[in-house]
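The residues making up each chain are set out below.
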Amino acid sequence: MPRPADSGRADTVDVAARLADIRRRIDAAAAQYDRDPDDVHLVAISKTKPAAMVAAALDAGQHDFGENYLQDALDKIQALAERDIAWHFVGDIQSNKTRDIAAHFDWAHAVDRFKIARRLSDQRPEGMAPLNVCIQVNIDAEASKSGLAPGDVAELADQMAELPGIRLRGLMAIPAVRDDFEAQRRPFAALRALRDDLNANGHTLDVLSMGMSADMEAAIAEGATHVRIGTAIFGPRDR
Ligand SMILES: *Cc1c(COP(=O)(O)O)cnc(C)c1O
């Protein structure tokens, strides 16, 4: 199956064709690794891309979108307020962003501090369902990446389970870049094992947010429930 050529120009990217291609890759990986394809949710990462490209993806049947620059995201959320969209905040969260994230998003994938979790819970508006939250794990212990060390996850998970305005759904990781497929699988397997440990200790975590454009199949092989795909759908970004 030929892939559409990469293009730096947003308006030349055929979002519908690329989405269809990604969905075919998800279905093929699910079939190969004995997964139900309905258990693998595609979060289209539209950060830095214009609302018109999000609308094109919506028209092609996409429902979940991920962002990590807050102001850019809020502009799109407002522009597309009439549409039925689940918005995922996938970036790091500083204290001064929690109020807007709690009010305008359905998910936060990268929580790694109790202080942030508590603010999101306190600031979730009355009448909205609890915010779905994942704990970000620094699965390869990289100095440059955020996320908790695996050994610190259980304590935060226990604390977060007490917060009424959020619902702890699972774990998220961004492993180091590796080219080899078997090597890509290892950190994802470690994240899954950590999730299984938490569930053996009373949690009911159903989400593994893992896999991006370059390592999606390896993540699906290891149990990803939410793959976060940007470049392969919307084309390359400047940042
Ligand atoms: C940008 C981003 C992605 C998407 O990455 P691609 O390589 O473009 O698919 C996924 N997850 C997070 C947290 C991101 O910031």
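Since the structure is predicted, the reported quantities are computational estimates derived from the model, not experimental observations.

Visitor: Give a detailed account of the pairing of strand β5 (residues 131-136), specifying residues and quantitative values.
Guide: Counted residue by residue, β5 has six buried out of six residues, so it is predominantly covered. Residue alternation in β5 divides its side chains into two sets, Leu-131, Val-133 and Ile-135 and Asn-132, Cys-134 and Gln-136, and both sets are buried. With three bridges joining them, strand β4 (residues 107-111) and β5 adopt parallel strand pairing. By the bridge assignment for β5, Val-111 is matched with Ile-135. Chirality of the crossover, the property in question, places the unit of β4, helix α5 (residues 114-123) and β5 among those that are right-handed. As defined by bridge partners, β5 adjoins strand β6 (residues 166-172) across six bridges and the pair is classed as parallel.

Visitor: Before we move on, could you go through the UniProt feature "domain: Alanine racemase N-terminal" (unreviewed entry) in the protein chain and cite the residues and values that matter?
Guide: Residues given the UniProt feature "domain: Alanine racemase N-terminal" (unreviewed entry) here are residues 19-237. Within the segment residues 19-237, helix and strand shares are 40% and 17% respectively, and the terminal C-alpha atoms sit 17 Å apart.

Visitor: Any details on the UniProt feature "modified residue: N6-(pyridoxal phosphate)lysine" (unreviewed entry) in the protein chain? Residues and values, ideally.
Guide: Per the UniProt entry, the sites bearing "modified residue: N6-(pyridoxal phosphate)lysine" (unreviewed entry) are Lys-47 in this numbering. Classification of Lys-47 by relative accessible area gives buried; the value is 15%. Residue contacts for Lys-47: discarding those within four places in its chain leaves Gly-66, Glu-67, Asn-68, Tyr-69, Asp-72, Lys-76 and Arg-237.

Visitor: Which residues make up the pattern of salt bridges, and what values go with them?
Guide: On inspection of all chains with the given rule, the structure shows eleven salt bridges. Measuring nitrogen to oxygen at the nearest pair gives 2.8 Å for the salt bridge that ties Glu-217 to Arg-25. With Glu-217 in helix α8 (residues 216-221) and Arg-25 in helix α1 (residues 15-32), this pair connects stretches of sequence that are 192 residues apart. According to the relative accessible area criterion, Glu-217 is partly exposed, its value standing at 25%. Given the relative accessible area of 15%, Arg-25 is considered buried. One salt-bridge network, in which partners are shared between bridges, spans Glu-67, Asp-72 and Lys-76.

Visitor: An account of helix α7 (residues 181-200) is requested, with residue identities and associated values reported.
Guide: Given a rise of 1.5 Å per residue, 20 residues ought to cover 28 Å, and the 29 Å separating the end C-alpha atoms of α7 matches this to within 8%. Inspection of α7 places Ala-183, Gln-184, Arg-185, Pro-187, Phe-188, Leu-191, Leu-194, Arg-195 and Leu-198 among the buried residues, and these make up the whole buried set. Of the surrounding secondary structure, the elements contacted by the buried residues of α7 are α6 (153-160), β6, β7 (207-209) and α8.

Visitor: Go over the site of the ligand, please, and point to the residues and values.
Guide: The local shell around the ligand holds 13 residues, among which Lys-47, Ser-213, Gly-230, Thr-231 and Arg-237 are the closest. Within the side chain of Ser-213, an N or O atom sits 2.6 Å from an oxygen atom of the ligand. Take Arg-228: an N or O atom from its side chain is 2.9 Å from a nitrogen atom of the ligand. For the ligand, whose free accessible area comes to 390 Å², the fraction covered by protein is 89%. In this structure the site holding the ligand corresponds to the largest pocket. Taken together, the residues of the shell around the ligand break down into six nonpolar, four polar and three charged.

Parameters and conventions
Counting of residues starts from 1 at the beginning of each chain's written sequence and follows it residue by residue. Given that this is a predicted model, residues contribute local features only at a pLDDT of at least 70 and side-chain atom pairs are listed and counted only at 80 or more, while totals for whole chains, interfaces and linings are drawn from all residues. Only hydrogens and water are set aside; all other atoms, that is, all heavy atoms of the structure, feed into the side-chain values. Exposure classes here rest on a 1.4 Å probe applied to the protein chains alone. A residue is buried below 20% of its type maximum, exposed above 50%, and partly exposed in between. Runs of H or I in DSSP of at least four residues are treated as helices and runs of E of at least two as strands, each being numbered from the N terminus. Note on pairing: DSSP must find at least two bridges between two strands before they are called paired. When the strands point away from the viewer, a crossover counts as right-handed if the route from the first strand across the helix to the second turns clockwise. UniProt positions are given in the numbering used here, feature names are shortened, and annotations may be inferred rather than shown by experiment. Residue contacts are defined here by distance: any two heavy atoms, one from each residue, within 4.5 Å place the two residues in contact. Here, a salt bridge means any Lys or Arg side-chain nitrogen found within 4 Å of an Asp or Glu carboxyl oxygen. Between the first and last residue of a helix there are one fewer steps than residues, each counted as 1.5 Å, and that sum is the expected span. Nearness here has a simple test: a residue counts as near a molecule or strand if at least one of its heavy atoms is within 4 Å of that partner. Any N or O atom pair separated by 3.5 Å or less is treated as a polar contact, with the protein-specific requirement of one donor-capable and one acceptor-capable atom, and with residues adjacent in sequence counted only for side-chain atom pairs. Per-residue accessibility takes into account occlusion by the displayed protein chains alone, with areas from the Shrake-Rupley method and a 1.4 Å probe. Cavities and pockets were defined on a 1 Å grid built from protein atoms only: a cavity is a group of points that admits a 1.4 Å probe but offers it no way out, a pocket is an open group of points flanked by protein on both sides within 12 Å along at least five of seven lines, and a lining residue is one with an atom within 4 Å of any such point. Each molecule is checked against the cavity or pocket grid, and it sits inside if more than half of its atoms lie within 2 Å of the grid points. Residues are grouped as follows: Ala, Val, Leu, Ile, Met, Phe, Trp, Tyr, Cys and Pro are nonpolar; Asp, Glu, Lys and Arg are charged; every other residue, Gly included, is polar.

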